[in-house]
Structure formats: structure tokens, C-alpha cells
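Structural description and commentary
Each chain is listed here by its residues.
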Amino acid sequence: MRTLAPLLFLVGGCATEEEAEPTVELLDARGQLIRLSMDLRGIHPTEVELWAFENAPEPEIMYDSYAEAWIEDPRFLDRIKEIFNERYLLRTGDVYFDTSDMPGLSGIDDRRMADIIANEAFSLLEYVILNDLP
């Protein structure tokens with residue numbers, strides 16, 4: 001089985017000439033603003049925001065102002081935590097320990113301790129973002 005792995009990798013990685021060059025589809029103004037809002041806040045922009053953006057004389061400036069405002073939105077932190085959790089799988093819900101035999105932790109529920117440990121990295125991430133640290 002081990003000798004088939006490189007062969008399967010090579011066969012699976014081959015592309016025909018038609019597949020070699022991916023096509024890029026540019027978004028219209030409405031699609032750009034929806035994508036920005038979903039990336040930064042996790043929600044669709046309002047119709048008022050969309051209308052203002054689509055009818056702006058200089059959409060690039062309006063785009064930048066929306067980006068700056070939405071980074072200050074409280075939902076931005078939740079979105080960043082969601083993205084990090086999807087990447088690093090910190091909030092799996094799994095418990096890998098038993099606190100009943102640990103001195104000083106015997107009264108704490110295992111599930112509660114798992115949540116505390118999982119959220120520790122997000123607390124650090126939140127601190128870095130709120131304090132504008134690198």
C-alpha cells in the first residue's frame with residue numbers, strides 16, 4: 001500500500017491543458033462589498049450600505065472607509081476567532097483529561113475546564129487585536 005501512495009499522488013496531481021490555467025471571475029461592486037462584509041463581520045451588508053457603495057462617485061475610497069469601520073465593529077473579533085478556530089480547531093468539544101484525580105481541580109467539571117483551555121488562545125488573540133499589537 002505504501003508504494004502506491006506516490007503513484008496516486010502523481011496521478012491525482014496531473015491536470016489536463018484545460019485545467020492548467022484557472023479562470024478568475026472579478027466581482028462587481030455589490031459582490032465586492034458583500035465579500036468584504038462577510039470576511040470582516042460574518043454578515044451581509046445592509047441594503048443602505050450596498051446602495052451607497054454602488055452609487056458612490058469614488059468606490060475605492062468608500063471601500064476603504066467601510067473596511068476601516070467594519071474592523072472596529074464588535075463582530076470583527078468574533079469573526080477572527082471563528083477563522084482561527086476553523087484553522088486550528090481549538091474548540092472541538094473534546095475532553096482529553098479527567099480533572100477528578102488532579103489536585104485542586106477535582107471540583108471543576110471536565111467540560112468547563114476544556115472550554116477554559118480552548119478559549120485561552122482566543123483571549124490572547126483578542127488582547128493582541130484590541131491593543132493593536134503585531
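See the structure printed just above.
Examining the layout of surface pockets
Computed from the structure, the largest pocket encloses a volume of approximately 240 Å³. In this structure, the largest pocket is lined by 15 residues; those nearest its centre are Leu90, Thr92, Asp94, Ala114 and Ala118. Across the lining of the largest pocket, the residue classes break down as eight nonpolar, three polar and four charged. What the second largest pocket holds in volume is close to 200 Å³. As for the second largest pocket, its lining consists of Ile71, Glu72, Asp73, Pro74, Phe76, Leu77, Val128, Ile129, Leu130, Asp132 and Leu133. For the lining of the second largest pocket, the secondary-structure elements that each account for two or more residues are helix H5 (59-72), helix H6 (74-88) and helix H7 (110-130).

Quick look at unusual backbone geometry
Not every positive phi belongs to a glycine, and Leu89 is a case in point at roughly 50 degrees. In this fold, Leu89 is placed in the loop between H6 and H7. The backbone phi angle of Asp132 is positive, close to 55 degrees, even though this residue is not glycine.

Examining the side chain of Arg79
Secondary-structure assignment places Arg79 in helix H6. Polar contacts involving the side chain of Arg79 include one to the main-chain carbonyl oxygen of Met38, which spans 3.0 Å. A polar contact of 2.9 Å, which involves the side chain of Arg79, links it to the side chain of Glu82. Filtering out sequence-adjacent residues up to four positions away, Arg79 remains in contact with Met38, Asp39, Leu40, Arg41 and Gly42.

Topic: the nonpolar core
Of all hydrophobic cores here, the largest spans twelve residues; its members are Leu33, Leu36, Leu40, Leu50, Phe53, Tyr66, Ala67, Trp70, Phe76, Ile80, Phe122 and Leu125. For this core, the elements supplying multiple residues, two or more each, are helix H3 (29-40), helix H4 (47-54), H5, H6 and H7. Excluding residues within four positions of it along the chain, Ile80 makes contact with Leu125 and Ile129.

Regarding H5
The first and last C-alpha atoms of H5 sit 20 Å apart over 14 residues, in line with the 20 Å expected at 1.5 Å per residue. Taken together, the buried positions of H5 are Tyr66, Ala67 and Trp70. Seen end-on, H5 carries its buried residues on one side only, within an arc spanning 100 degrees. Turned more than 90 degrees from where H5 packs its buried face, Ile61, Glu68 and Glu72 sit exposed. Against H3, H4 and H6 lie the buried residues of H5.

Criteria and thresholds
Residues numbered from 1 in each chain as written. Predicted model: local features only at pLDDT ≥ 70, side-chain atom pairs only at ≥ 80, totals over all residues. Heavy atoms only, no water. 1 Å grid on protein atoms, 1.4 Å probe; cavity = no way out; pocket = protein on both sides within 12 Å on 5 of 7 lines; lining within 4 Å. Points joined across faces, edges and corners; volume = space filled by probe spheres on them. Nonpolar A, V, L, I, M, F, W, Y, C, P; charged D, E, K, R; others polar. Helix = DSSP H or I, 4+ residues; strand = E, 2+ residues; numbered from the N terminus. Polar contact = N/O pair within 3.5 Å; in protein donor to acceptor, adjacent residues only side chain to side chain. Contact = heavy atoms within 4.5 Å. Core = buried A, V, L, I, M, F, W, Y, C linked by side-chain atoms within 4.5 Å. Buried < 20%, exposed > 50% of the residue type's maximum accessible area, 1.4 Å probe, protein only. Expected span 1.5 Å × (residues − 1). Arc of directions from axis to C-beta.

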